[in-house]
Amino acid sequence: SIQVVTENFNNKKNLIFQIQEGLASKINKINFDGNYFFSDRYLNDFISSQSTSIFDIFSSGSNFDKSIFNSDIERIKQLYFDHGFFDARIVYELKDNINNNYSLRFIIDEKNRYQVRNIKTNITDDKLIAIFDKDINKLNKQIQKNKDFYDFKILSDFNKKLNNSLIANNLIN
């Protein structure tokens, strides 16, 4: 709360702002609803927001920062996106508990996970075909092992291997 008080001083007025901060708001519990692909524990370790408990006697200040909550939403969205959940929706809600303690709840609508149907190349150079075929066959096996679901890490690793093959064969610098 803020109160404004004036006082007279040598034919002038002093304007005094009296500020009472009160108790710091804190997050004492974090929940995830609607997540089936990732566990609560995994998501809790993945986000930046952290809950406090009555046993956190050395913590000072507040962990109540909406910019961190919004950043966590973007991080969770990217995590789902990287695993083929391109339409996932994540929001958060805060529930006021006792003594300025809040529960933070992430609500996740995973939607559908996308699959990779096939990978095609339009290569006519015989030397490139020999390089690409081996790597693409390995990629297809990894995708099949992943039940044909899109996974950014698999494709990123493929891209690195392919670039290394092209460099090793002096086809790019």
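For the structure itself, look to the data block above.
Chains are numbered independently. Their residues run from 1 in the order of the written sequence. Since the coordinates come from a predicted model, pLDDT governs what is reported: local features require at least 70, and pairs of side-chain atoms require 80 or more to be given and counted, while whole-chain, interface and lining totals use all residues. In computing side-chain values, all of the structure's heavy atoms are included and hydrogens and water are not.

1. Regarding the nonpolar core
We define a nonpolar core as any set of buried Ala, Val, Leu, Ile, Met, Phe, Trp, Tyr and Cys residues linked to one another through side-chain atoms lying within 4.5 Å. Residue burial is assigned from relative accessible area. The probe radius is 1.4 Å, only protein chains are included, and a residue is buried under 20% of its type maximum, exposed over 50%, and partly exposed in between. Core analysis: the biggest nonpolar cluster contains 18 residues, and Phe32, Ile76, Tyr80 and Phe106 have the highest contact counts within it. Counting from the N terminus, the helices are the DSSP runs of H or I reaching at least four residues and the strands are the DSSP runs of E reaching at least two. Put simply, the parts of the chain that give this core at least two residues each are strand E3 (26-33), helix H2 (66-82) and strand E5 (101-109). Examining the composition of this core, we find that five residues originate from one element, H2, more than from any other. Other than its neighbours up to four places away in sequence, Tyr80 contacts Asn35, Tyr36, Phe37, Phe38, Leu43, Phe85, Ala88, Ile108 and Glu110. The next biggest cluster of nonpolar side chains, apart from the first, holds ten residues, and it includes Val116, Leu139, Ile143 and Leu162. Throughout, a contact is declared for two residues whenever any of their heavy atoms are within 4.5 Å.

2. Topic: the packing of aromatic side chains
Only Phe, Tyr and Trp rings take part, Trp by its six-membered ring, and two of them pair if their centres are within 6.5 Å. Stacked means planes under 30 degrees apart, edge-to-face means over 60, and tilted covers everything else. Tallying each qualifying case throughout the model produces eleven aromatic pairs. Judged by centre distance (6.3 Å) and plane angle (15°), the ring pair of Tyr42 and Phe46 falls under stacked. With Tyr42 and Phe46 both in helix H1 (residues 40-46) and four residues apart, this pair spans about one turn of that helix. A centroid spacing of 5.2 Å and a plane angle of 45° characterise the contact between Phe86 and Tyr114, whose relative ring orientation is tilted.

3. Some words on a positive patch on the surface
Think of a patch as exposed residues, more than 30% relative accessible area, with no salt bridge, where like charges cluster within 9 Å and nonpolar side chains (Val, Leu, Ile, Met, Phe, Trp, Tyr) cluster within 5 Å. Per-residue and other accessible areas were derived by the Shrake-Rupley procedure at a 1.4 Å probe size, with only the shown protein chains allowed to occlude residues. The working definition used for a salt bridge is a side-chain nitrogen of Lys or Arg within 4 Å of a carboxyl oxygen of Asp or Glu. Lys and Arg are tallied as positive, Asp and Glu as negative. Neither His nor the chain termini are counted. Note on charges: their place is set at NZ of Lys, CZ of Arg, CG of Asp or CD of Glu. Taken together, Lys134, Lys138, Lys141 and Lys161 make up a surface patch of like positive charges. The biggest single contributor to the positive patch is helix H3 (residues 126-145), with three residues. Topologically, Lys141 is positioned in helix H3. For Lys141, a relative accessible area of 61% translates into the label exposed.

4. A look at the environment of Phe152
In this structure, Phe152 sits in helix H4 (residues 152-168). In this structure the C-alpha to C-alpha distance between Phe152 and Asp82, which are 70 residues apart in sequence, comes to 4.9 Å.

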